[in-house]
Amino acid sequence: MSADGTAYQRAAERLCQARRVVAFTGAGISAESGIPTFRDPGGLWEQFRPEELATPEAFERNPDRVWAWYQHRRRVIAAAEPNPGHYALAAMEPHFEEFTVVTQNIDQLHQRAGSRRVLELHGSILRNHCHRCGRPYEAPNLPEERAPTCPHCGGRIRPSVVWFGELLPEDVFAEAEQAVARCDVLLSIGTSGEVYPAAGLVWQAKLAGATVIEVNPNPTELTPAADIALRGSAATVLPELLRRLCECRQKLSKAG
Ligand code: BJW
Ligand code: ZN
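Keep in mind that this is a model prediction, so the values were computed, not measured.

Quick look at the coordination of the zinc ion (ligand 2) now. The reference angle at a metal is 109.5 degrees if four donors form a tetrahedron and 90 or 180 degrees if six donors form an octahedron. C130 (SG), C133 (SG), C150 (SG) and C153 (SG) make up the full set of protein donors to the zinc ion (ligand 2), lying at 2.2 to 2.4 Å. Of note, the zinc ion (ligand 2) draws all its donor residues from one chain, in the sequence arrangement C-x2-C-x16-C-x2-C. Separated by 17 residues along the polypeptide, C133 in the loop between β4 (123–130) and β5 (157–161) and C150 in the loop between β4 and β5 bring together distant segments of the chain.

Attention shifts here to the packing of helix α9 (residues 170–182) against helix α10 (residues 200–207). Closest axis-to-axis distance for the α9/α10 pair is 9 Å, and the angle between their directions is 30°. By the angle between their axes, α9 is roughly parallel relative to α10. Remark: the crossing between α9 and α10 carries right-handed chirality. Together, F173, A176, E177 and V180 of α9 and L201, Q204 and A205 of α10 make up the contact between the two elements. Considered class by class, the residues forming the contact of α9 with α10 number five nonpolar, one polar and one charged.

What follows deals with the packing of aromatic side chains. Aromatic ring pairs are reported here in terms of the distance separating the ring centres and the angle at which the planes meet. Under the definition given, this model contains six aromatic pairs. Taken together, a centroid distance of 6.2 Å and an interplanar angle of 50° make the contact between Y70 and W163 tilted. Of the two residues, Y70 is situated in helix α6 (residues 63–79) and W163 in the loop between β5 and α9; the sequence distance between them amounts to 93 residues. Just as Y70 is buried, W163 falls in that class too. Ring geometry for F96 versus F99: centroids 5.8 Å apart, planes at 25°, classification stacked. Each member of the pair, F96 as well as F99, is classed as buried. Three or more aromatic residues joined by ring pairs make a cluster, and in this case those are F38, W45, F59, W69, Y70 and W163. Note that R158 overlies the ring of W163, its terminal NZ or CZ placed 3.8 Å from the centroid.

Conventions and cut-offs
- Residues numbered from 1 in each chain as written.
- Chains lettered and ligands numbered in written order.
- Predicted model: local features only at pLDDT ≥ 70, side-chain atom pairs only at ≥ 80, totals over all residues.
- Heavy atoms only, no water.
- Donors = N, O, S within 2.8 Å, 3.2 Å for Na, K, Ca; no water.
- Helix = DSSP H or I, 4+ residues; strand = E, 2+ residues; numbered from the N terminus.
- Axes fitted to C-alpha atoms, helices over the stretch in contact; angles between N-to-C directions.
- Parallel < 35°, antiparallel > 145°, perpendicular 65-115°, else oblique.
- Left-handed = near helix turned anticlockwise from the far one by under 90°.
- Contact = heavy atoms within 4.5 Å.
- Nonpolar A, V, L, I, M, F, W, Y, C, P; charged D, E, K, R; others polar.
- Phe/Tyr/Trp six-rings, centres within 6.5 Å; stacked < 30°, edge-to-face > 60°.
- Buried < 20%, exposed > 50% of the residue type's maximum accessible area, 1.4 Å probe, protein only.
- Lys NZ or Arg CZ within 6 Å of the ring centre and 35° of its normal.

Take a look at the structure:
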């Protein structure tokens, strides 16, 4: 299903009036870059149970199995390129006094597309640290099958992502809450809104009076918070929204 013209127009007008914007993104924005989502049919959780791979307990039970899974995902992500959805968000940034991407994604595709203010709520697959002492770990070559051992404490090295039951990086989450509290518009893009505390940010924006615009081919847990729903893929909807925003801004500058 694709978004209808009226919804686009309302969304573009709200954006056109906004000074501060938050783009809250999830796995769906990277789907068209070839990175599987978690909960869609064919998504990552259909093949693997999250509690087997995305928890600290899973890593402690079998670090090599979890490590090998992340090495596989690193290869998929390294081969991927940002898509028109990522590029449209990067191009929106200079149109606003403040534009913050708050992402649950660990793939760094927003940064690669040129977005400058990106808050990573669930960490990054491109970094690693020691599961025991927490020191960052850098090495020119990473083994494929076996989690490396920390040179300082002998603990096992893990990807710097946030697993279930772990705290989100406190400073990053606090910055995201501040951006959400003062935004005029929050775009909720490609997320099922099922994972907390990240999804709570959308409700916080709503309660603070922001207009919430959902960009997703399907309804989600966050649809009840949305003032406007643009039903379509991020790579289709976001460039069209950008086009309409530019049109609206041009009209305003001619009129003024
Ligand atoms: C498209 C598209 C296209 C498709 N265009 N759209 C309150 C209530 C209940 C439970 C909890 C709660 N608070 C905390 C919890 C527990 C837990 C939780 O949320 N559980 C729920 C699942 C029930 N949360 C946590 O444990 C968090 N930590 C925490 O709360 O700490 C405090 C604490 C400590 C100790 C004890 C208790 C509490 C941590 C959460 C960490 C999440 N980590 C993961 C893995 C990251 C690493 C990795 O990648 O391996 O993060 S899980 C996974 O889900 C990943 C994602 O960032 C996250 C969200 O998924 P996302 O992005 O929404 O993807 P999908 O697949 O769900 O949705 C895709 C969407 O895209 C769909 O809607 C499609 O329609 C759409 N789409 N194609 C646009 N082309
Ligand atoms: Zn260590």
